[in-house]
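Architecture and fold: a report
Chain by chain, the residues:
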Amino acid sequence: MNIIVTKNFEQTCERAACMIADVIRQKPDARLGLATGSTAQGVYPHLVKANRVGKLNFSRVSTINLDEYVGLAPDHPQSYRRFMDENLFDQVNIDKSNTMVAKGTGDIEENVRAFREALAEKPIDVQLLGIGVDGHVGFNEPGEVLYDGAHVAELDESTIDANARFFATRDGVPTRALSMGMGDILRAKKLILLATGESKAAAMKGLLLNEELDVQNPATLVKMHPDVTVIIDRALAEDIGYCG
Ligand code: F6R
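Residues numbered from 1 in each chain as written. Predicted model: local features only at pLDDT ≥ 70, side-chain atom pairs only at ≥ 80, totals over all residues. Heavy atoms only, no water.

Here we take up the environment of Phe115. Tracing the backbone shows Phe115 in helix H5 (residues 108-121). The spacing of Phe115 and Gly149 is 34 residues in sequence and 9.3 Å in space, taken between C-alpha atoms. When near neighbours in sequence (up to four residues on either side) are disregarded, Phe115 contacts Ile64, Asn65, Leu66, Met100, Ala102, Ala150, Leu178, Ser179 and Met180. (Helix = DSSP H or I, 4+ residues; strand = E, 2+ residues; numbered from the N terminus. Contact = heavy atoms within 4.5 Å.)

So, in structure tokens, the structure goes:
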């Protein structure tokens, strides 16, 4: 694992955006695996800026997202499709027909099938990841069984608690999501995992301070990947006692 400790979260996001931009420059028709949430949200303005000043071209780029809430229509303010449209797709010169966020409404079994088909179409050149308080990546929640492919995940109570900040009430937070499987994530050619904040310290300790692969901390499985970069800020590194 390549581990980068930055001065602060802003620098973490800049580094991650730079790495993604490099992939696109080397391969203009790259397929990006994208994430939502407040960590990933810090990365997109840097990509938008690079596009605006003519330093990054999305015209041949395609994307596929990690997950989508079951029960939220694409235009729901908290849907991950809407998040991606607002934070990236509507602000750069990407062809939106080349962007895929699984659909959270309608026939969910059919949507999982479509998600699996989309994943099989083309390998992901770079996958951006955040990490949950409980160590989830995508919505691969801790449990005795982890999934290879796209599936419907039941969200853990801690995930619902963490995501409640985006909804008017905790009861409004969806309890299920369509998610890429751990296998889908590990099949991406390159992984970039970002973390910030003390709530992520326990999960990050499991990732950075030992060699265990722990199904109760799914992020630890990324240790198996041959090209993974983990970027954290100094404050988090100090919290977990990581000294490089
Ligand atoms: C989002 C996703 C999740 C988030 C994770 C961290 O698409 O797949 O795994 O990356 O829940 O979320 P934040 O960054 O909001 O703490």
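Positionally, Lys190 belongs in the loop between helix H7 (182-187) and strand S9 (191-195). Each C-alpha atom, one on Lys190 and one on Val126, is 4.6 Å from the other, the two residues being 64 residues apart in sequence. Here Lys190 is in contact with Val23, Asp125, Val126, Gln127, His225 and Asp227, once residues within four sequence places are set aside.

Strand pairing in a sheet relies on backbone hydrogen bonds, with the paired strands running either antiparallel or parallel. Taken in spatial order, the three strands make up an open sheet running S4-S8-S7, and their pairing is antiparallel. Sheet topology places strand S4 (67-69) and strand S7 (151-154) at the edges, where each strand pairs with a single neighbour. Adjacent strand axes in the sheet meet at a mean angle of 30° when their direction is disregarded. (Pairing = 2+ DSSP bridges. Axes fitted to C-alpha atoms, helices over the stretch in contact; angles between N-to-C directions.)

This next bit is on the pattern of salt bridges. Under the definition given, this model contains 13 salt bridges. The partner of Asp22 in a salt bridge is Arg25, and the shortest N-O contact between them spans 3.7 Å. Of this pair, Asp22 and Arg25 both sit in helix H1 (residues 9-26), three residues apart, which is roughly one turn of that helix. Asp22 gets classed as partly exposed once you look at its relative accessible area, which sits at 39%. Its relative accessible area of 46% is what places Arg25 among the partly exposed residues. Because the salt bridges share partners, they merge into one network encompassing Arg81, Asp85, Asp90 and Lys96. (Salt bridge = Lys/Arg side-chain N within 4 Å of Asp/Glu carboxyl O. Buried < 20%, exposed > 50% of the residue type's maximum accessible area, 1.4 Å probe, protein only.)

Our focus in this paragraph is the packing of aromatic side chains. Under the criterion given, the structure shown has five aromatic pairs. An angle of 40° between the planes, with centres 4.7 Å apart, marks the rings of Tyr69 and Tyr80 as tilted. Residue Tyr69 is located in strand S4, and its partner Tyr80 is located in helix H4 (residues 80-87); the two are separated by 11 residues in the primary sequence. Each member of the pair, Tyr69 as well as Tyr80, carries the same accessibility label: buried. Put simply, the rings of Tyr69, Tyr80, Phe139 and Phe167 pair up and form one aromatic cluster. (Phe/Tyr/Trp six-rings, centres within 6.5 Å; stacked < 30°, edge-to-face > 60°.)

Okay, the sheet that holds strand S3 (residues 62-65) next. Pairing in this open sheet of seven strands is parallel, and the strands run S1-S10-S9-S6-S2-S3-S5 from one edge to the other. Each having just a single partner strand, strand S1 (2-6) and strand S5 (99-100) make up the two edges of the open sheet. Direction of pairing for strand S2 (residues 31-34) relative to S3: parallel, over a ladder of four bridges. Note that in S3 the partner of Arg31 across the bridge is Ser62.

Before going further, it helps to examine the side chain of Thr12. Assignment of secondary structure puts Thr12 in helix H1. Leaving out residues up to four positions away in the same chain, Thr12 has contacts with Thr6, Leu194, Ile231, Ile232 and Asp233.

A separate point is the site of the ligand. Taken together, 13 residues form the shell around the ligand, and within it Thr39, Asp67, His136, Gly138 and Lys200 come nearest. One of the side-chain nitrogen or oxygen atoms of Arg165 is found 3.0 Å away from an oxygen atom of the ligand. With the chains in place, 93% of the 410 Å² that the ligand exposes on its own is no longer accessible. Its residues placed into classes, the shell around the ligand shows three nonpolar, seven polar and three charged. (Near = heavy atom within 4 Å. Polar contact = N/O pair within 3.5 Å; in protein donor to acceptor, adjacent residues only side chain to side chain. Areas by Shrake-Rupley, 256 points an atom, 1.4 Å probe, with all protein chains shown as cover. Nonpolar A, V, L, I, M, F, W, Y, C, P; charged D, E, K, R; others polar.)

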